[in-house]
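Coordinate analysis (summary)
Given next are the chains, with one letter for each unit.
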Amino acid sequence: MRYHLRLMTTHDYSVLLTELADEHRRRSPRSAEIHERACRHLVDGGSHGIRLVDPFPPRITEARGGWMTDEDGHRILDLWQGHMANVLGHNPEIVTSTLSRAFADGFGTQSGMADALQAELAELVCRLTGAERMRFTTSGSLSTMYAVLMARSFTGRDIVMKAGGGWHGAQPMLLKGVAYQDDGVGFDGVDSKGLPSALTDRIVVTNYNDSQRLADDFVEVGDDLACLILEPMLGAGGTIAATTEYLRLARELCTKHGALLILDEMITGFRFQPGGLGALHGVTPDLAIYGKALGGGMPVAAVAGRAEVMAEAGRETGPRVAFSGGTYSAHPSSMLASKVFLEHLEAHSAEIYPRLGEIGAAMRRGIESAFAEAGIFARCTGALDELECGSSMVTVHFPRDESVVLDTPEAVFDPERCDIELREKVLGLALLVEDVHLLLAHGAATTAHTDEDVAFLTDACRKAAERIAQHR
Ligand SMILES: Cc1ncc(COP(=O)(O)O)c(C=O)c1O
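Our subject in this report is the structure included herewith. (Residues numbered from 1 in each chain as written. Predicted model: local features only at pLDDT ≥ 70, side-chain atom pairs only at ≥ 80, totals over all residues. Heavy atoms only, no water.)

Structural notes on the overall build of the protein
Inclusion rule: Runs of E in the DSSP output that reach at least two residues are strands. Runs of H or I that reach at least four are helices, and both are numbered from the N terminus. C-alpha atoms define the radius of gyration, and 2.2 Å times the number of residues to the power 0.38 defines the globule rule. Exposed residues in this analysis have more than 50% of their type's maximum accessible area, buried residues have under 20%, and partly exposed residues fall in between, with area computed by a 1.4 Å probe over protein chains only. Two residues qualify as a contact provided that any one of their heavy atoms is within 4.5 Å of a heavy atom in the partner residue. The Shrake-Rupley method, run with a 1.4 Å probe, gives the accessible areas here. Residue values count only the displayed protein chains as cover. When charges are counted, Lys and Arg are positive and Asp and Glu negative, with His and the chain ends excluded. Where a charge lies is defined by one atom per residue type: Lys uses NZ, Arg uses CZ, Asp uses CG and Glu uses CD.
Helix and strand content of the protein: 16 helices and 18 strands. For the protein, the C-alpha radius of gyration of 22 Å lies close to 23 Å, the compact-globule estimate for 472 residues. Judged by the C-alpha coordinates and their principal axes, the protein covers about 65 × 60 × 45 Å. Taken over 472 residues, the protein has a buried fraction of 56%. Within the protein, contacts between residues separated by at least 24 positions form 70% of all contacts whose residues are at least 6 apart in sequence. As displayed, the protein offers around 20200 Å² of accessible surface, 50% of which is attributable to carbon and sulfur atoms. If you average the places of the 44 positive and of the 65 negative side-chain charges in the protein, the two averages end up 3 Å apart.

Right under this line is the structure:
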């Protein structure tokens, strides 16, 4: 045990991390070998940074429901679930059987043409979300980029406001205030090299769930603001639910100052109901971003909202915003998967959403109790206490003591308030050697997870917690 300058108790996990890495290597020689090979041609051995867990990720051969199998034959309980795209678990039958039939019938790879399917899906998404017009893209990053461009064009203003801890994809106009930086910077830093200050200077970072700070920031820049973009529940920022008061204030201030409210529903869309989370708070955005669950496991995202704002991308008004290109946009397989998936969510919403809430709550309880048994204080965020709907979301935190309130990203990323190394480095590996995949302590339940899976997760957490306790 060593002591921080501020007399905060911290723990040295280096011996444990080495022990866990050695065990992972021993258990998974095939994945280790493939990783070494992958690193010869792929930067860091892959194409998505956070998937590449240290020292190497399990290489997956099969994924069904709540579980995956890797190259070494381990069956792994998965809570990451395709970056939380999966609501019904991996490879749901409703999607795979539809796609198999379509491919057999000569429909599925990109045609680069218009089809009836897109029109049917757009009609469905607009009905479920309350949007008037929309467009499909291939990713959340592209969607938030187009949304910001349309907001700037529509308002004739330049400044964009986002919340610290908010992640809206790797696109230049919102790469500020994503990662928390110690040494007093907090969420005020720029998150990528290569960005011109002409862009990042136009991004104002406000504090999530801090109504006073939001009101003050609007006094300062509200009349020059093109848009405020918010996640109704922060995902990467700690799985923190926005309060209804905060979201409604955001709506009110945007309207008052002539700025647009963009809700980034990439994680939250279709996860709490067949539609957006904003609606459950009684908040209607000018634009919303959907993806992940929207595609039922296939790559599709969307920008949807008020017709007059979406018209910024259309022919009638110019076109003023280059919402164009996208060789693979509105890909036939993605459109088809999305359509059958959303139809299924809507038809079975009375069973799906209560079950997601129930299993999510059981996972959060199981994790907390397993750590408590080993004398380690753990708290899971993800619940939507304020609303009358359950939540499948789970992020595990290790607050320094019971007085820490986990209602802002500042609280969960401040090393004085939470043990970040335990959450982000140790936990994932300690669970992986117990055949549980929980990336960055962050995941979600699906309807494919069973009560037995929750027991398996709880038991794995118990074993991980006992091991961690020995090193504190
Ligand atoms: C809230 C949010 N917005 C945007 C994105 C970016 O989406 P994509 O990874 O599809 O570009 C993500 C992805 O994790 C997200 O969680």
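And the narrative resumes.
Here we look at the nonpolar core
Side chains of nonpolar character tend, in soluble globular proteins, to be buried together. For clarity, the threshold we go by: As used here, the term nonpolar core means buried Ala, Val, Leu, Ile, Met, Phe, Trp, Tyr and Cys residues forming a set that is joined through side-chain atoms within 4.5 Å.
Counting residues in each nonpolar core, the largest one holds 39 residues, and the members touching the most others are Phe371, Val396 and Ile468. Every element with two or more residues in this core is listed here: helix H1 (14-27), helix H13 (349-373), strand E16 (393-397), helix H15 (420-432) and helix H16 (451-470). Counting residues in hydrophobic clusters, the runner-up holds 33 residues, among them Leu88, Ala293, Phe341 and Leu342.

Remarks on the site of the ligand
The line we're drawing: Being near a molecule or strand, for a residue, means having at least one of its heavy atoms within 4 Å of it. Nitrogen and oxygen atoms within 3.5 Å of one another constitute a polar contact, given that in protein one can donate a hydrogen and the other can accept it, and given that sequence-neighbouring residues count only through two side-chain atoms. Lys, Arg, Asp and Glu make up the charged group, whereas Ala, Val, Leu, Ile, Met, Phe, Trp, Tyr, Cys and Pro make up the nonpolar group; the residues left over, Gly among them, are polar.
What surrounds the ligand is the set Ser139, Gly140, Ser141, Trp167, His168, Gly169, Glu231, Asp264, Met266, Ile267 and Lys292. At 2.6 Å from an oxygen atom of the ligand is found a side-chain nitrogen or oxygen belonging to Ser141. Here Lys292 contributes a side-chain N or O atom positioned 2.8 Å from an oxygen atom of the ligand. Relative to its unbound accessible surface of 390 Å², the ligand loses 82% to contact with the protein. For the shell around the ligand, the class distribution of residues is 3 nonpolar, 5 polar and 3 charged.

Description of the sheet that holds strand E4 (residues 67-70)
Hydrogen bonds between backbone groups are what pair the strands of a sheet, and the pairing can be parallel or antiparallel. Cut-off, in case you're wondering: Pairing between strands requires that DSSP locate at least two bridges from one strand to the other.
Strand order in this open sheet of 4 strands is E3-E4-E5-E17, and the pairing throughout is mixed. The strands lining the two open edges of the sheet, one partner per strand, are strand E3 (60-64) and strand E17 (436-437). Taken together, the 4 bridges between E3 and E4 define a ladder with antiparallel strand orientation. Of the residues in E4, the one forming a bridge with Arg64 is Trp67.

Observations regarding H1
Each turn of an α-helix holds 3.6 residues, which means side chains three or four residues apart point in the same direction. Using the following cut-off: In a helix, the anticipated span is given by 1.5 Å times the number of residues less one. Starting at the helix axis, one direction is taken to each C-beta atom, and the arc is that of these directions.
For H1, which comprises 14 residues, the first-to-last C-alpha distance of 20 Å matches the rise-based estimate of 20 Å (1.5 Å per residue) to within 8%. Considered for burial, the residues of H1 that qualify are Leu16, Leu17, Leu20, Ala21, Glu23 and His24. With its buried residues spanning 165° around the axis, H1 presents them on a single face. Away from its buried face by more than 90 degrees, H1 exposes Val15 and Arg26. Of the surrounding secondary structure, the elements contacted by the buried residues of H1 are H15 and H16.

What about the packing of aromatic side chains?
Selection rule: Only rings of Phe, Tyr and Trp enter the pairing, Trp through its six-membered ring, and a pair is recorded when the two centres are within 6.5 Å. The plane angle decides the type: under 30 degrees is stacked, over 60 is edge-to-face, the rest tilted. Placement of a positive charge over a ring is assigned whenever Lys NZ or Arg CZ falls within 6 Å of the ring centre and within 35 degrees of the normal to the ring plane.
Scanning all chains against the criterion turns up 7 aromatic pairs. Summarising the aromatic geometry, the rings of Tyr180 and Phe187 are spaced 5.2 Å apart at their centres and angled 75° between planes, so their arrangement reads as edge-to-face. Centre to centre, the rings of Phe270 and Tyr290 are 5.5 Å apart; their planes meet at 55°, and the pair counts as tilted. Of this pair, Phe270 sits in the loop between strand E12 (260-264) and helix H10 (277-280) while Tyr290 is found in strand E13 (residues 287-290), placing the two residues 20 residues apart along the sequence. Following the ring pairs from residue to residue traces out a cluster consisting of Tyr180, Phe187 and Phe413. We note Arg135 situated over the ring of Phe323; from NZ or CZ to the ring centre the distance is 5.6 Å.

Some words on the pattern of salt bridges
To keep things clear, this is the line we draw: Counted as salt bridges are all cases of a side-chain nitrogen of Lys or Arg within 4 Å of a carboxyl oxygen of Asp or Glu.
Enumeration according to the criterion identifies 25 salt bridges in this entry. Salt-bridge contacts for Arg127 lead to Glu346; the nearest nitrogen and oxygen are separated by 2.7 Å. In this pair, Arg127 sits in helix H5 (residues 116-129) while Glu346 sits in helix H12 (residues 332-347), placing the two residues 219 residues apart along the sequence. For the salt bridge of Asp414 with Arg417, the shortest nitrogen-to-oxygen distance reads 3.0 Å. Take Asp414: its relative accessible area is 14%, and that puts it in the buried class. Among the ionic contacts, a cluster of salt bridges with common partners joins Arg251, Asp286, Arg306 and Glu308.

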